[in-house]
Structures are given as structure tokens and as C-alpha cells.
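One-letter residues, chain by chain:
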Amino acid sequence: MLRVGSSAACVACRSLISNNMGVKFRIPLQKLHPLSRAIHHRYSGNNNPHRTPHRTAARYFTSMSRLPMRPLKPPPGSGGHRHQQQRNFWVARLAARLLRLRYILLGTAVGGGYTAKKTYEEWKDMLPDFSEYNWVIPDFVWELSEHIDLDKLAKALPEMEEIAKLLPDFEKIGENFTFLKGLLSSGVSLGSEVKGASGLHLLENSGDPALKATDSSTGAAHDASDKQYKKSSDKEKIDQLQEELLRTQLKYQRMLERLEKENKELRKVVLQKDDKGIHQRKVKKSLIDLYSEVLDILSDYDSNYNTQDHLPRVVVVGDQSAGKTSVLEMIAQARIFPRGSGEMMTRSPVKVTLSEGPHHVAMFKDSGREFDLCKEEDLAALRHEIELRMRKSVKEGQTVSSETISLSVKGPGIQRMVLVDLPGVISTVTTGMASDTKETIFSMSKAYMQNPNAIILCIQDGSVDAERSIVTDLVSQMDPHGRRTIFVLTKVDLAEKNLASPSRIQQIVEGKLFPMKALGYFAVVTGKGGTGESIDAIKDYEEDFFQNSRLLRDGMLKAHQVTTKNLSLAVSDCFWKMVRESVEQQADVFKASRFNLETEWKNNYPRLRELDRNELFEKAKNEILDEVISLSQVTPQLWESILQKKLWERVSTHVIENIYLPAAQTMDSGTFNTTVDIKLKQWTDKQLPHKALEVAWETLQEEFARFMAEYKGKDQDDIFDKLKEAVKDESIKRHKWNERAMDSLRVIQHNALEDRSITDKPQWDAAIQFMEETLESRLKDNESVIKDMVGPDWTERWLKWVNRTPEQHIRNETKNELDRLLKLHDDHTAYLASDEVTTVRKNLEGRGVEVDPVLIKDTWHQLYRRHFLQKALTHCSLCKRGFYYYQRHFVDSELECNDVVLFWRIQRMLVITANTLRQQLTNTEVRRLEKNVKEVLDDFGEDLEKKTQLITGRRVQLAEDLKKVREIQEKLEAFIEALHKEKLLH
């Protein structure tokens, strides 16, 4: 290597540049430095004939300098040698400065690190010993300190501009340090106080002597007191020290509260940032949301808790008006529940998911609206919505409901957990309540508390006698060892004011008064009695009360046992501890349940898809709509044929009995036509249009049902039978026929019946055929009636061994007598005269048959009807050749076929009416029915109870269970994965 700045290097470089750039320096070889000559011989053409001298030298120089080379042109008037010397000097000076800057930077870094470490050690020596104060800082902070990666932390630090935005108020921090300095210089040792306070356990079991933990704070205070007792027995001095210690503790508590308030504001600002420095918060927020989703799915899956749902949740139970809702509101930091003075307000379980977020908001699970809890109008709207949902969930005739209302609340500083607020336990059912309200609340509370991983938050009213409590006995039954119960005494301010012996409060919070046991005992104040108090005002009142209360001053209550803030910390810590211990076991339970359900499905339904109830309903919905649409594909000829046949079946009796027979039995052509016109007019005005619309509506129903039945026959799946039948019935029930078409239909029918002109022979023949078919059908019915009246004839009596009854014998004798009368008088009228009735009766009495005149008339009516129909059929056959006389209007002709014209008028009316009804069906009613079917299906789709009733079977339930269990398992696995990530992050 050539040393920078040496003459040999300069001469060698000059020589190489000369060869490379074409600049000729005439320097004798012997005058070069020995090293330069060596370089010259090494890379000259003499020793290496295969290399070009100037290319080789340039390559070597480039590898040494690593700088790009370009031809240098000396300025005019200066020599090339002088310019080369100036350039070499500049290169050397630049390299020296770069080296010097590197050493300066290295020395600065080392010195700065040493100075920072020395400053840190000095500060560390000045601070008191906080090692005993671990109970304030959660465990994950110490775990984080062991696994933290400093390089990643340094990269994650924000830029200076962002740090400036997040810096707190230095004046306040200065005040805090000034106060801390004065505290350290005072007569009382802060370290001893912190050491004494560090013995406070967040949760203690004072009720169970075996599990009762020794309070280290009290032990430290006793040690200090013992030393003072040894030095002096002066009682006044001891009291003075205790008062001073209490004042110092209160000052320190206030300082911590101020710092925490500032920290809360800073965390709110940090949470509003995008991604820098809040990854851990995002994991926490999504973690509790995932867990809440699992609980929501479980609540929908089985509201009766028949499944193995042992996932933890905090169950808030207590007597009515004990302050359950107020405690929950203090934890949520917002007045979110409806208020009532002594009235039952909580009528159904309310699941509240608490999590931390930048804004204080609330949202329902099934709604996209976000309520801003910092605005009073949003709070009022939220309370009103909760009250409406509660009342809606309660069925008619009941007071409470088991349907869960799911609500999420987010805000700065809120502890993550899931709480379920239950209706208050009552001892007496009052007026207006359902008779089973007490038992319903008990069973509902037991259903939630019997979960072995549920944390029971037992709320007890401190302002009333403890003996009046009902909930404590219930809790002691569900958790006799108190391993998952946290006891909360509310309204402690009223208790201290009203109780003659405040030591009774101490007995309660130490677990010595109630038979129940608990994991921890807390005393809180949730308000001054007004309904319009804000959460901040209640917090201030609670802190002021406990600071001035002799319960805390005299040692009856410990610092960690008071305020809702400490309660929320304790409940959250216990909740997550329970979650971490049990969630994987619960995931395994649902995994096994999923395997069993999938095995059952494969064994029973191997070729069917796993469609749950909603999917099956959508499939059935499409099928039903297809069936309705198929109604519009019925041909007009088919509609008219069906309508005409059904309409004649409906009106034929009236036409024969009330129009044709009365007119035909007059035996006069003019009278016949007059009678027919009058009766047809009356019929058309009053009955015929209504009958026609009834027939059309029934036809539509029958065709709709027929299409459904045919489709069901193709698809051998009977799951949809109940649903289709219910949809059909409900749609028909809702469908109202358009009555406005009745007036136009009446006019059309009246015009059709008024027309008497038969234009051609085919119409005449069709009318005769229609008349013959009608009369033959009536004659057949009449023969059947007569046969039933007179009984079996002689062939049946001999062959089938049957006999006539006495009444049939009398009827038969009467029939024979009346037949002789008809043979004598073939053109007899329809009615028997009185003397004829008397003659028939006497003739029968002469043969020993006693008969009633009414029976004679009744028998005559049937016999004459048969006789008349037979004559009418004979006349109809004669009229087949009467179209010529009708067309020529031969009035004097012996062949009068007015009855054929009547039947032609009836037949034409049926055809025109069927055509009109068909048009109304296809153009209007089918579409209206389709619309009704869609509305019914939409209503059924929104009614979960209706779908559960109509779509049933093991196949449906198995698919439902499979879907829910899979969803629960997937959510649980996602939650467990997020939980592990959070643990690794800490």
C-alpha cells in the first residue's frame, strides 16, 4: 500500500495517470522512487506483454482510490505539475478530515453513554426503594422488562415532532417533584410508608381463616410501633406519629391521583394516534372484543345454558335497589342505565363489554349507532334505548326476561372485562308483577352463577340491616368456599351515618357477619342520593368521604378495600386470571363437541349439505316464490274451464230449483219467459256477482295449494311442509279480493243473461247438450232420494236379504198410490189439492196403512219432480230439431223450446263470467297474492320463534348446532391466539 501524501505515491500516481490519460511527463526512470520504479516495471509492457500498460495502470489506480477518474485539464497559464500537486494535497486533506470526524463521533458516543449511565445511577440513588410497592404495578410490566428488545424499542420511538406533541405539562411535573422532595426531607420516611403499603393485597379472603393472608402493611406498621414502644411509652407521641403517617399517606394518595389523571390524558392522546406506539393497546382492545363475540354467540346458541359454557364472565347480583347498576356505572364511568326510585328497572340481563379506547362511547351489538357518553343527549338516548329493549324482550304476562341485551362501552382508562347485570333479587311479588317473577329471577341468577368460572360480584346495601339480605344466601349456595366471589358493600356513607356501631361495617368487610365467604371485600360509595349526579362528581364525593372517614382512619377499612376504582382493578385482574386458566380447556370442550356432531351428520345425512335453519328458510322461500310465479303460467283456457265448472257447481241448484222449475211448471210460454226474466234479474242483482267472486277466490287458493303439493311431491323433503302450509294459510288470510270489480261484473252478467239470440246451430246444440246433462244429473239425484225413501226393491230383498223399515213400507205404499194418480193425470200440476190428499189417505187406510198428510205431500214432491224431469228430457230431445222454428220465430208452432233458450243464456253467462274472472285473476289477483306471499315470508324471516316452530327436525337442529359450535371454536381459537401474542408482547 502507498501512504497517502508520500512522494513515491505522488510520482507513481503521476506516472499511471500519464499512461492512462495520455499526458506525457518526461521523468527519467532512474529519478523515480524505488517503489515507483517497481510499480512501473510491474505494470509496464516489458514484464507483462499480454497487458496494455495504460489500461493496467488505470485499473490498479481505480482499485486503490475507488474514485471515478476523468481527464483533468490544467488551467491556462499554469503547468500540469503544479496542478497535480494541488490536487494531491486536497485529496489528502479530505481523507484526514474524514478520519478525524469518525473518531470524534466515536468518542462522543462513548462519552455520552458513560455520562448518561452516571446520571442514571445518581438519579437511581436519589429515589426511594419502591421494590416493595409491586402491588401497584401489574405483573405484565415486570414480564415486559425481562423480554424487551432495546433495538426494537429504539426503532419504535416516535420522532421529535411527535414527542413534543405528547409531552406533559412540565410545570405540573415540577410541582410534583417539589412536593416529593419536601416529602423525602420530612420527618416521616416515605420508604417505610411505601414498604408498609406494599403489603396490601388486591384480593384477600378474610372470611376463611385457612386462606386469610397477613397484611404486610399492618405488619410493617406494628414493627414501627413496637420500636416506638421500646423507645418510649408515651401514648401521645404514638398518636401523633400515627396521625402524621395518615396525613402523609393521604398526601401521597392525592399526588398519585394527580399523576394518574395526567397519565390518563396522555394515554387518550396516544390512543388517538395511528400505529406508532399503540400496537399493544390494539391487541388488548381486539382481545376483549373477540372474547365478547364468543359470549354473544354462546348466548344465541343456548340461552338456557344447557351446553358446557364455562367461559368466565363477571355476574353482578344483588338485592333489588342494592346499587348493582350504580356500581356497574361507576366501573363503566358513565350513567348508562335507566333510573328508578324503588321500581324494578333491570328486567333482563345486560351484558356490558368494557374496553379501553380513545373516546368514551357505547354501542349495541346489533346496531351501528355509536352513543357519545360525554354528551348528555346521547346518554339519555342510550338509557331510553336500553329501557325499550328490556320492555320488548319481556313477553306478555311476564315481568322479567332471560333474553340478553349486549352492549359495549369503550373509553380511556376503563378496565377490560365482561359484566352481566342481572335483575335484582326480590323477596315479595308486588301488584303488577307476574306471580312467578321471584322464582324466575332466582333461576336466572343460578343459571349464570353455576358456571364454575363465573366471577360473582355480590352487591350488598350497607344502609339497610344485613339480616334483610337475600342474595348472600343464594351466593353462598352457588359458591360455598368463596373462591370466585367478590363482595361489595355499597352506600357506606349512609351506613356510617346511620349505624350506631361502625365496627359492624368492619365485621362485614372482614367476612365475619355473613355466613358466605368471598375472595375479596370492598366498600364503595356510588352517589349522594340524586339521580342527576355525574360520574366525576360521584368519584370526588367518594374520595372525599373515605379521606375524611374514621373507618379508614381508625383502621376498620384498609386503603385497598375502598373506592370503585380499586374494585374495578381487582375485578379485572380476577377476570383475566380466570380467563387465562380456563379458556383453552373450554376450547377443547367445543372441539370435542364439534367432532361428535360432525360424526353424527356423516352417519345420518352423508349426501346432504349442512344447511342451518336460516339457509333452509331461504331455500324454502325461493321454492314458494317459484310456485307463486307458476300460477301466472296457467293457460287462459285452463283458468276459464276451472272457473266455469266451479261456478256452475255453485249456482246450479239455485238455477234449477228457483228459476227453471218454477217457470217451467207454469205450463205457459209467456208466463215462463216472464218468470225467468224476473228471477234472473233478482239473482243478478243480489247473489250472482258475490258467488262468482267467491268461486274465483277459491279457485286461486286451490290452484296455489295444488302447485305447492305437486312441488312437494317432486322434492321428497318434508322439512318445508309446515312452513309452506303456514305461508299459504297466512297469505290467503291476508289477501282481500278487489271488490271494486263486482259492479262491472254485475253489468257484464246482466247483459249476458238479457241476450236471447242464438245465432247458429252449434250454439243451439251446445245449449241442448248442457240442458240434457243438467236434467239427467238432477233426475239421477231424484231417483236416489226416492230409493232411500221407499227402501230396497224385491230383487235386493231376495238377493241381499234386506228388508224395508216400517217407515219405508209406508212410503212405498204412498208412492204406489201417487204413481197411479200421475198415470191418470199426466199433465197434473206441481201441487196436490186438498181433496186429492184426502183421497190418497183414505185409499191407504183402506189397505191398512196409516199415513200422515205431510208425508203424502213430501212423497208427491219427489215423485212429481221425477215425472217432470222425465218429461223435460223428452221435450229436450224433441227440441234438437227446433232450431229452424226458433230462427224463423214461429210463435204458433207446437214445438216451443223456451227452456233451451234459458239454458243457452245461463251457459253464455257462465262463459263470459269465467273469462272476466280469469282476466282479473291473471292481471291483478295473482300478483297481489304473490306480494302477500313475499310479505309473509319476510315477516316469518324476521321472526326467529316462527322459523323455529315451522322448520324442525333433527337434521335442522344438528346443522344449527354444527354451525354454532364451529363458529364458537373458531372465535375461541382466534382469541387464544391473540391472548398468546399479548403474553409474548408483555
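Quantities reported herein were computed from a predicted structural model and do not represent experimental measurements.

Trainee: Tell me what's going on with the state of the cysteines, and back it up with residues and numbers.
Mentor: All chains considered together, the criterion is met by one disulfide. There is a disulfide in this structure between Cys879 and Cys897, and the S-S distance comes to 2.1 Å. Disulfide Cys879-Cys897: the torsion about the S-S bond is -100 degrees, which places it as left-handed. With a gap of 18 residues between them, Cys879 in the loop between helix H32 (853-878) and helix H33 (883-888) and Cys897 in the loop between H33 and helix H34 (898-942) connect regions that are remote in the sequence. Neither residue differs from the other here; Cys879 and Cys897 are each classed as buried.

Trainee: Please provide a residue-by-residue account of a nonpolar patch on the surface, values included.
Mentor: Taken together, the side chains of Trp794, Trp798 and Leu799 present a nonpolar region at the surface, about 500 Å² in accessible area. Assignment of secondary structure puts Trp798 in helix H29 (residues 794-799). With relative accessibility at 67%, the residue Trp798 sits in the exposed group.

Trainee: Which residues make up the pairing of strand S8 (residues 485-490), and what values go with them?
Mentor: Counting buried positions along S8 yields six of six residues, so the element is predominantly enclosed. Because side chains alternate across S8, one face comprises the buried residues Thr485, Phe487 and Leu489, and the other comprises Ile486, Val488 and Thr490, equally buried. Sheet topology note: the strand S7 (residues 455-461)/S8 ladder contains six bridges and is parallel. Bridged to Leu457 within S8 is Ile486. Sheet topology places S8 next to strand S9 (residues 520-523); four bridges connect them, and they run parallel. What sits directly across from Ile486, in S9, is Gly520.

Trainee: I'd love a proper account of the sheet that holds S7, names of residues and values included.
Mentor: Strand order in this open sheet of nine strands is S4-S3-S5-S2-S6-S1-S7-S8-S9, and the pairing throughout is mixed. Among the strands making up the open sheet, the edge pair consists of strand S4 (371-372) and S9. In terms of strand pairing, strand S2 (residues 350-356) meets strand S6 (residues 417-421) through five bridges, oriented antiparallel. Note that in S6 the partner of Val352 across the bridge is Leu419.

Trainee: So what's going on with the packing of aromatic side chains? Which residues, and what values?
Mentor: The full count for this structure, using the stated rule, is 15 aromatic pairs. Ring centres of Trp601 and Tyr605 lie 5.0 Å apart, and the angle between their planes is 50 degrees; on these two criteria the pair is classed as tilted. The residues Trp601 and Tyr605 share a single accessibility class, namely buried. Every member of this aromatic cluster is reached through a ring pair, and the members are Trp648, Tyr660, Phe770, Trp860, Tyr864, Phe868 and Phe903. In this structure, Arg416 packs its charged tip against the face of Trp576, placed 4.4 Å from the ring centre. Over the ring of Phe617 we find Lys947; its NZ or CZ atom is 5.5 Å from the centre of that ring.

Trainee: Any chance you could break down the side chain of Gln808 for me, citing the residues and the numbers?
Mentor: With respect to the secondary-structure elements, Gln808 resides in helix H30 (residues 806-824). Taking relative accessible area as the criterion, Gln808 reaches 17% and is therefore assigned buried. The residues touching Gln808, leaving out its near neighbours within four places in the chain, are Asp788, Met789, Val790, Gly791, Pro792 and Asn803.

Trainee: An account of unusual backbone geometry is requested, with residue identities and associated values reported.
Mentor: The phi angle of most residues is negative, glycine excepted, and most peptide bonds adopt the trans form. Non-glycine residue Gln333 carries a positive phi angle of around 65 degrees. Within the element layout of this structure, Gln333 appears in the loop between helix H13 (324-332) and S2. Overall, Gln333 belongs to the buried group, its relative accessible area being 18%. Although it is not a glycine, Lys491 sits at a positive phi angle of roughly 55 degrees. Tracing the backbone shows Lys491 in the loop between S8 and helix H17 (492-498).

Trainee: Tell me what's going on with the nonpolar core, and back it up with residues and numbers.
Mentor: General note: in soluble globular proteins, nonpolar side chains tend to be found buried as a group. Tyr660, Trp683, Leu700, Trp764, Ile906 and Val933 are the most contacted members of the largest nonpolar core, which totals 98 residues. In terms of residue count, H34 provides more of this core than any other element does, 17 residues in total. Excluding residues that lie within four positions of it along the chain, Leu700 makes contacts with Leu631, Trp639, Trp737, Leu921, Glu925, Val926 and Leu929.

Trainee: Tell me about the pattern of salt bridges, and name the residues and values.
Mentor: Per the counting criterion, the structure on display carries 48 salt bridges. The salt bridge partner of Arg966 is Glu598, with a shortest N-O separation of 3.1 Å. With Arg966 in helix H36 (residues 954-985) and Glu598 in helix H21 (residues 564-604), this residue pair connects regions lying 368 residues apart in the sequence. Residue class for Arg966 comes out partly exposed when judged on its relative accessible area of 22%. Note that Glu730 and Arg734 form a salt bridge whose closest N and O atoms lie 3.0 Å from each other. Of this pair, Glu730 and Arg734 both sit in helix H26 (residues 721-734), four residues apart, which is roughly one turn of that helix. Judged by its relative accessible area of 22%, Glu730 is partly exposed. The class of Arg734 is partly exposed, set by a relative accessible area of 32%. If you follow the salt bridges from partner to partner, you end up with Arg594, Glu598, Glu610 and Arg966 in one network.

Trainee: So, the packing of H26 against H34: which residues are in play, and what are the values?
Mentor: In contact at an axis separation of 9 Å, H26 and H34 are set at 125 degrees when each is read in the N-to-C sense. Classified by the interaxial angle, the pair formed by H26 and H34 is oblique. As for how H26 packs across H34, the hand of that crossing is right-handed. Facing H26, whose interface residues are Leu723, Ala726, Val727, Glu730, Ser731 and Arg734, H34 presents Leu929, Asn932, Val933, Glu935, Val936, Leu937, Asp939 and Phe940.

Basis of the calculations
- Residues numbered from 1 in each chain as written.
- Predicted model: local features only at pLDDT ≥ 70, side-chain atom pairs only at ≥ 80, totals over all residues.
- Heavy atoms only, no water.
- Disulfide = S-S within 2.5 Å.
- Helix = DSSP H or I, 4+ residues; strand = E, 2+ residues; numbered from the N terminus.
- Buried < 20%, exposed > 50% of the residue type's maximum accessible area, 1.4 Å probe, protein only.
- Patch = residues over 30% accessible without salt bridge, like charges linked within 9 Å, V, L, I, M, F, W, Y side chains within 5 Å.
- Areas by Shrake-Rupley, 256 points an atom, 1.4 Å probe, with all protein chains shown as cover.
- Salt bridge = Lys/Arg side-chain N within 4 Å of Asp/Glu carboxyl O.
- Pairing = 2+ DSSP bridges.
- Phe/Tyr/Trp six-rings, centres within 6.5 Å; stacked < 30°, edge-to-face > 60°.
- Lys NZ or Arg CZ within 6 Å of the ring centre and 35° of its normal.
- Contact = heavy atoms within 4.5 Å.
- Core = buried A, V, L, I, M, F, W, Y, C linked by side-chain atoms within 4.5 Å.
- Axes fitted to C-alpha atoms, helices over the stretch in contact; angles between N-to-C directions.
- Parallel < 35°, antiparallel > 145°, perpendicular 65-115°, else oblique.
- Left-handed = near helix turned anticlockwise from the far one by under 90°.

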